[in-house]
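Here's the letter readout for the chains.
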Amino acid sequence: MKPSRFGVRQRDMIETQDLTKTFADRKRGLVRAVDGVTMACSAGEVFGVLGPNGAGKTTLLRMLGTILQPTSGTARVAGFDVVSHPQEVRGSIGYLSGTTAPYDRLTPREMLAYFGALHGMDRGAIAERTREAFDDLDMHEFADRRCERLSTGQRQKVNIARATLHRPPLLFLDEPTAGLDVLASRTVMRFIRKCRSEGRTVVFSTHIMGEVEGLCDRIAVIHRGKLAAMGSLAELRERVGGGSFEQVFLRLIGEDDTEDAA
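None of the values given here were measured: they were computed from a predicted structure.

(A) Expanded view of the packing of helix H3 (residues 108–118) against helix H5 (residues 152–164). Where H3 meets H5, the axes come as close as 9 Å, and the angle between the chain directions of the two elements is 20°. The angle between H3 and H5 falls in the class roughly parallel. Crossing of H3 over H5 shows right-handed handedness. From H3, Pro108, Met111, Leu112 and Phe115 reach across to H5, where they touch Val158, Ala161 and Arg162. Partitioned by chemical class, the residues of the contact of H3 with H5 number six nonpolar, no polar and one charged.

(B) Highlighting the side chain of serine 205. As for its placement among the helices and strands, serine 205 is situated in strand S8 (residues 201–206). Here serine 205 falls in the buried class, since its relative accessible area comes to 0%.

(C) Layout of the sheet that holds S8. What the six strands build is an open sheet, ordered S6-S7-S8-S3-S9-S10; its pairing is mixed. Only two strands of the sheet have a single partner each, and these edge strands are strand S6 (93–96) and strand S10 (226–231). On average, adjacent strands in this sheet sit at an angle of 15° to one another, irrespective of strand direction. For strand S3 (residues 46–50) and strand S9 (residues 218–223), the ladder comprises four bridges, and the chain directions are parallel. Across the sheet, residue phenylalanine 47 finds its bridge partner in S9, namely arginine 218. Each of S3, S6, strand S7 (170–174), S8 and S9 touches helix H1 (residues 57–64); the most contacted strand, S7, lies at about 150° to it. Its contacts with the sheet put H5 on S6 and S7, and the angle it makes with S6 is roughly 160°.

(D) Broad picture of the side chain of arginine 200. In this structure, arginine 200 sits in the loop between helix H6 (182–197) and S8. A polar contact is formed between the side chain of arginine 200 and the side chain of glutamate 198, at a distance of 2.8 Å.

Rules and cut-offs
- Residues numbered from 1 in each chain as written.
- Predicted model: local features only at pLDDT ≥ 70, side-chain atom pairs only at ≥ 80, totals over all residues.
- Heavy atoms only, no water.
- Axes fitted to C-alpha atoms, helices over the stretch in contact; angles between N-to-C directions.
- Helix = DSSP H or I, 4+ residues; strand = E, 2+ residues; numbered from the N terminus.
- Parallel < 35°, antiparallel > 145°, perpendicular 65-115°, else oblique.
- Left-handed = near helix turned anticlockwise from the far one by under 90°.
- Contact = heavy atoms within 4.5 Å.
- Nonpolar A, V, L, I, M, F, W, Y, C, P; charged D, E, K, R; others polar.
- Buried < 20%, exposed > 50% of the residue type's maximum accessible area, 1.4 Å probe, protein only.
- Pairing = 2+ DSSP bridges.
- Polar contact = N/O pair within 3.5 Å; in protein donor to acceptor, adjacent residues only side chain to side chain.

By themselves, these figures tell us nothing about what the structure is for.
Here it is in structure tokens:
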């Protein structure tokens, strides 16, 4: 297999085998938030993790990002085991969660300078990458405004710039357009396409069908913690006999859409 420009061979970027995460709940007992997921993600692709709210998408990404430890099973990210080599995994990824937030008293420029220093970047590299992020995400207009004064979309752009400043080969984006208006969402989608064109891998979770159709090379459909299906959009359509992608999704998770279609 040929290495990508980031030095990771094709199909080595993410590999999981029977990956499982359980939680104890007072009312429900033992809950399998992720239940035996086996999947692979190639270097340089946009890989969508699609499912309804509560399906296990965020828990899956948190295990791959070393925020949570698996209960059982294995996962390798950028060639490193998430349990035995978590630091190497963290050095290879950028991670945006639903709870990521900028520091209100800092400006976007100050935020990136701070996190660039944490990544061990020198001032020249930080300045160069900051300019690039401001260009890519249309941030120049508010670059020196305190984050507490920014809109929801502007704050999310700061979060994405922070997660990608060190140019990691792999990005995890957990519902990156949640709560954003059309213009901000379009900027984020354009940024994801740029990352793919550079050979980076982007894994993002969503429940928005249009984002999946417009961006993803392949898709993992998660339902009730399990991997319901995985493949390209064309492969998933063929599997269930065609239809709109919403119909495809509903059929893959075993929901009857006949009444809605009537």
